[in-house]
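Next come the chains, spelled out residue by residue.
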Amino acid sequence: MATWSNFNLQNSASPLMEQIIFFHDHTLIILIMITILVGYLMINLFFNKYINRFLLDGQMIELIWTIIPTITLIFIALPSLRLLYLLDELNNPLITLKSIGHQWYWSYEYSDFNDVSFDSYMINYDKSNINNFRLLDVDNRIILPMNNQIRIMVTATDVIHSWTIPSLGVKIDANPGRLNQTNLFINRPGIFFGQCSEICGANHSFMPIMIESISIKNFINWINNYS
């Protein structure tokens, strides 16, 4: 989860988030190179003494500053397209989780199991309990097995919501009357936090999402003991 003075992206907990971070770093390097080059040229323009009253055109420099940005955009576009296809790929999911957005809480259904469903509300912050996270803790966590492909089906009952888990690289809109699909692959155990990232009403930021990643053995025990 995000911590104080953390200006970087959160540590990834899925292969997709790792790829997003790699693409972010790749693009940032290109932007830094462009910024340095443009800054250097602008500083030189302020201090040079070159004057040419009879300069009418410069076809070579026009050709250069048309081709170089085109090549630069290709270096950004190709990894971006690859990442978009990776985010949309879904192969043989182990389980399906249906997430339904309400004001101001989420409902979850494990479609592969009978009668496994619950509502997830934000709980009041208790300063005396160091295990509570302000505006992020919920009364019912999502329990998911790690190292398995998981399908997430997202919809809403009233207004547009957005199911977002930054450390897992997931952000998908929940639209009334529409069922959207995405996927998860959690590669380590832990607790991961997110929030609704849409702005469609008062208190709308206070719709936390809390995922607990456990081993497949413990997940089966949880399903068997669920009541």
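For every chain, the first residue of its written sequence is number 1, and the numbers climb from 1 along that sequence. Reporting in this predicted model follows two pLDDT cut-offs: at least 70 for local features of residues, and 80 or more for side-chain atom pairs to be given and counted; totals over whole chains, interfaces and linings ignore these cut-offs and use all residues. Working from all heavy atoms in the structure, the side-chain values ignore hydrogens and water.

### Some words on the nonpolar core
Next up, step 1: Ranked by internal contacts, the top residues of the largest apolar core, which has 31 residues, are Tyr110, Ile142, Leu144, Trp163, Leu168, Leu184 and Ile211.
Next up, step 2: Not counting residues within four places of it along the chain, the set of residues in contact with isoleucine 211 comprises Ile142, Leu144, Trp163, Ile165, Leu168, Leu184, Ile186, Gly190, Ile191 and Phe192. Nine residue types can take part in a nonpolar core, namely buried Ala, Val, Leu, Ile, Met, Phe, Trp, Tyr and Cys, and a core is a set of them joined through side-chain atoms within 4.5 Å. Burial status follows relative accessibility: with a 1.4 Å probe on protein chains alone, a residue under 20% of its type maximum counts as buried, one over 50% as exposed, and anything between as partly exposed. Contact between two residues is taken to exist if any of their heavy atoms lie within 4.5 Å; hydrogens are not considered.

### Regarding a nonpolar patch on the surface
Next up, step 1: To count toward a patch, a residue needs a relative accessible area above 30% and no salt bridge. Like charges then connect within 9 Å, nonpolar side chains (Val, Leu, Ile, Met, Phe, Trp, Tyr) within 5 Å. Here the accessible surface of atoms and residues is derived via Shrake-Rupley with a 1.4 Å probe, and residues count as covered only by protein chains that are part of the display. By definition, a salt bridge exists where a carboxyl oxygen of Asp or Glu is found within 4 Å of a side-chain nitrogen of Lys or Arg. Together, Leu28, Leu31, Ile32, Ile34, Ile36, Val38, Met42, Ile43, Phe46 and Phe47 make up a nonpolar patch on the protein surface, roughly 1000 Å² of accessible area in all.
Next up, step 2: Topologically, isoleucine 32 is positioned in helix 1 (residues 15-47). Helix and strand assignments come from DSSP, with helices taken as H or I runs of at least 4 residues and strands as E runs of at least 2, each series counted from the N terminus.

### Side note on the domain arrangement of the protein chain
Next up, step 1: Each domain span listed reflects an automatic or database assignment of domains. Per the domain assignment, the segments making up the protein chain are domain 1 (15-88) and domain 2 (95-225).
Next up, step 2: Listed as interface residues are 6 residues of domain 1 and, on the opposing side, 7 residues of domain 2.
Next up, step 3: Buried area is understood as the total, over both parts, of accessible area removed when two parts are fitted together, assessed with a 1.4 Å probe. Surface buried jointly by domain 1 and domain 2 totals about 500 Å² across both partners, of which 48% is contributed by carbon and sulfur atoms.
Next up, step 4: It is Pro15, Leu16 and Met17 that lose the most area in domain 1 upon contact with domain 2, and together they represent 68% of the buried surface on that side.
Next up, step 5: Here domain 1 is connected to domain 2 by 0 salt bridges.
Next up, step 6: N or O atoms closer than or at 3.5 Å make up a polar contact, with two conditions inside protein: a donor-capable atom paired with an acceptor-capable one, and, for residues adjacent in sequence, both atoms drawn from side chains. Put simply, domain 1 and domain 2 have 1 residue pair in polar contact (both at pLDDT 80 or more) between them.

### Here we look at the sheet that holds strand 8 (residues 180-185)
Next up, step 1: Two strands qualify as a pair provided that DSSP identifies no fewer than 2 bridges between them. If you trace the 5 strands from one edge of the open sheet to the other, you get 3-2-1-5-8, paired in mixed fashion. Lying at the two open borders of the sheet, with one neighbouring strand each, are strand 3 (117-120) and strand 8. Within this sheet the neighbouring strands show an average axis-to-axis angle of 25°, counted without direction.
Next up, step 2: Here 4 bridges tie strand 2 (residues 105-110) to strand 3, and the two strands are oriented antiparallel to one another. For tyrosine 108, the partnering residue across the bridge sits in strand 3 and is phenylalanine 118. Where helices are involved, their axes are fitted lines through C-alpha atoms of the stretch in contact, as for all axes, and angles between N-to-C directions lie from 0 to 180°.

### Points about unusual backbone geometry
Next up, step 1: In this structure, the amide linkage connecting glutamine 103 to the following residue, tryptophan 104, adopts the cis form with an omega of 5°.
Next up, step 2: Within the element layout of this structure, tryptophan 104 appears in the loop between strand 1 (95-102) and strand 2.
Next up, step 3: A positive phi is found at aspartate 115, a non-glycine position, where the angle reads about 60°.
Next up, step 4: Structurally, the position occupied by aspartate 115 is in the loop between strand 2 and strand 3.

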